[in-house]
Amino acid sequence: MEKLSLVDSFSEFKELKGIDTETLMRILEDVLRGLLTKKFGTDKNCDIIVNPDKGDLEIWRSRTIVNDDELTDENAQIALSEAIKVEPDFEAGDEFAEELHIQDFGRRDILAIRQNLIGKIQEYERASVYTKYKEKVGQIVVAEVYQVWKKELLAKDEDGIELTMPKTEQIPSDFFHKGDTVKAVVLKVEMRNGIPSIIISRVSPIFLERLFEQEVPEIFDGLITIKNAVRQPGERAKLAVESYDDRIDPVGACVGMKGSRIHSIVRELKNENIDVIAYTPNADLYISRALAPAKVISVNVNEETKRADVFMKSDQVSLAIGKGGYNIKLAGKLTGYDIDVYRDTDMKYEDDVDLQDFSDEIDQWIIDTLKGIGCDTAKDVLSISKEDLELRTDLETETIDHIVDVLKAEFDDEYPQDDKDSQKEE
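Residue indices begin from 1 for each chain and proceed along its sequence in written order. Note on the predicted model: pLDDT of at least 70 is required for a residue's local features to be given, and 80 or more for side-chain atom pairs to be given and counted; whole-chain, interface and lining totals, by contrast, use all residues. Note that the side-chain values use all heavy atoms of the structure and ignore hydrogens as well as water.

A. Up close: the confidence of the model for the protein. As a per-residue measure, pLDDT tells how confident the predictor is, with possible values from 0 to 100. Taken as a whole, the protein shows an average pLDDT of 84; of its residues, 88% reach a score of 70 or greater. Segment residues 1–9 is flagged for pLDDT under 50; beyond a separation of four residues in sequence, or across chains, it makes 24 contacts in the model. Note on contacts: a residue pair qualifies if any of its non-hydrogen atoms lie within 4.5 Å across the two residues.

This is the structure:
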């Protein structure tokens, strides 16, 4: 009995990753049954015996022996005169089994088997890749950069599976070359025209969370929970954490001894500033912590509109807003409130004076201009140099001098008037 060695006949499939011999045999059986159905109208009376260990198979076709004048279906029946040529003892009603050989099917059929086998294997590979990475959504993967384009880069994992990272999913300061190792989180997996499309990201907040899970054992073990994470990729990030064990300081555990744990994350994120804060259900306190490093005096929360008015000293406002406004934006996203920051003029120093009190000496439009740059009190203005005031307000030098003189006159001891005569002599 001749056997078809699949390992030899389809040697090009041996090295396909992710497909073992047993799976290859099963795919081949499906392909052969399709061919038998096409050739004989049915495969129900055919048996395909696959031997994965040896890498071969046998195809047997069974038909019922009938008298020559009773033959009506050659696919299910065989004439007695034909059957006795093989075995003289056959009689009508017996079952006739014959082995079918691939090489007897004809060149066209063999080519069809080959093409269908290739197609089925590719289909299987794509389905396997989709299933594998669908389960990895939200997990970190490490891949090698294979190609870099203007709008995206292509990377390959250890199994040669292609991963795509669009420019929008890269940190602005990321710069990769072919052969570099890239670490990212699997963002989404889609099937496009039967081909799996795997998108990875380095800007997703989930990437930040997974990095902390890798670096902080307490998070991985579930002792510390990440309540929320928000990012402005490459600039700033905020992470709210909570511990269910009073003995564990969630913020301290995330930062590590002398920042040992958080430093590696900061380096991976291209020196992104990361604020780790302790989560609390108290909205006022949560918002205050979220605005760090700024120090808050008071918070008024409106739960219906999800808005919060935050009051602080003048010198804290710029810290609360942050570079590019990122700090206050991220604080809002982290807490879920629209945050408005106000200078707390009701809690100013006892000897400070509201600018509006100088309306009899300074024109109202000038007062409005000064308020427009964040100066609500006299000391707010006097804390800024004349040069900066001129640049920020576009007011004339003489007007700036007049304003400063008027305001300084209110604080003779603290802000003595300039000695104009000595200045002229100099």
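B. Main features of the packing of helix α5 (residues 205–215) against helix α8 (residues 260–268). The N-to-C vectors of α5 and α8 enclose an angle of 145 degrees; their axes lie 10 Å apart at closest approach. In this structure, α5 crosses over α8, and the sense of that crossing is right-handed. For the pair α5 and α8, contact is made by Phe207, Leu208, Leu211, Phe212 and Glu215 and by Arg261, Ile262, Ser264, Ile265 and Glu268, respectively. Split into classes, the residues belonging to the contact of α5 with α8 amount to six nonpolar, one polar and three charged. What counts as an axis is a line fitted to C-alpha atoms, over the stretch in contact for a helix, and the angles between N-to-C directions run from 0 to 180 degrees. For helices the rule is a DSSP run of H or I covering at least 4 residues; for strands it is a run of E covering at least 2, with both sets numbered from the N terminus onward. Crossings are classed by handedness, with left-handed meaning an anticlockwise turn of the near helix from the far one by less than a right angle and right-handed meaning a clockwise turn. For this classification, Asp, Glu, Lys and Arg are treated as charged, while Ala, Val, Leu, Ile, Met, Phe, Trp, Tyr, Cys and Pro are nonpolar and the rest, including Gly, are polar.

C. View of unusual backbone geometry. In this chain, alanine 292 is followed by proline 293 through a cis amide linkage whose omega measures 15 degrees. In the Ramachandran plot, asparagine 193 falls in the positive-phi region, its phi being about 55 degrees despite a non-glycine side chain. By the secondary structure assignment, asparagine 193 is in the loop between β9 (181–192) and β10 (195–201). Burial classes follow relative accessibility: with a 1.4 Å probe on protein chains only, a residue under 20% of its type's maximum area counts as buried, one over 50% as exposed, and anything between as partly exposed. For asparagine 193, a relative accessible area of 80% translates into the label exposed.

D. How the structure looks around the sheet that holds strand β15 (residues 307–312). Strand pairing is assigned whenever DSSP detects at least two bridges linking the two strands. Strand order in the open sheet formed by three strands is β14-β15-β16, and the pairing between neighbours is mixed. The open sheet has two edge strands with one neighbour each: β14 (298–302) and β16 (338–343). Averaged over all adjacent pairs, the angle separating strand axes in this sheet is 20 degrees, with direction ignored. Bridge count between β14 and β15: five bridges; the pairing is antiparallel. Paired with valine 299 across the bridge in β15 is valine 310. Where helix α9 (residues 283–290) meets the sheet, its contacts fall on β14, β15 and β16, and the angle it forms with β14 comes to roughly 120 degrees.

E. Representation of the packing of aromatic side chains within the structure. Two rings belonging to Phe, Tyr or Trp (six-membered ring only in the last case) form a pair when the distance between their centres is within 6.5 Å. Interplanar angles under 30 degrees mark stacking, angles over 60 mark edge-to-face geometry, and anything in between is tilted. This structure, assessed with the given rule, holds three aromatic pairs. Residues tyrosine 279 and tyrosine 286 carry aromatic rings whose centres are separated by 5.0 Å and whose planes lie at 80 degrees to one another, so their mutual orientation is edge-to-face. Between phenylalanine 311 and tyrosine 342, the ring centres sit 5.5 Å apart and the planes meet at 25 degrees, which makes this aromatic pair stacked. Of this pair, phenylalanine 311 sits in strand β15 while tyrosine 342 is found in strand β16, placing the two residues 31 residues apart along the sequence. One Lys or Arg, arginine 61, reaches over the ring of phenylalanine 40 and ends 4.0 Å from the middle of that ring. A ring has a charge above it when a Lys NZ or an Arg CZ is no more than 6 Å from the ring centre and no more than 35 degrees off the ring normal.

F. The arrangement of the environment of threonine 181 in detail. Here threonine 181 shows up in strand β9. Threonine 181 gets classed as exposed once you look at its relative accessible area, which sits at 60%. Linking threonine 181 and lysine 156, residues 25 residues apart in sequence, is a C-alpha distance of 9.7 Å. For threonine 181, the residues in contact, after removing those within four places along its chain, are Val142, Ala143 and Phe176.

G. Fine view of the sheet that holds strand β12 (residues 236–243). Taken together, the three strands give an open sheet; going across it, the order is β11-β12-β13, and neighbouring strands pair in mixed fashion. A single partner strand is all that each edge strand has here, and the edge strands are β11 (224–232) and β13 (273–278). This sheet shows a mean twist of 20 degrees between the axes of neighbouring strands, independent of strand direction. Two strands pair when backbone bridges link them, and β11 and β12 are joined in this way by eight bridges, in the antiparallel orientation. The residue of β12 that forms the bridge with isoleucine 224 is serine 243. Here α5 sits on the sheet in contact with β11, β12 and β13, set at roughly 140 degrees to β11.

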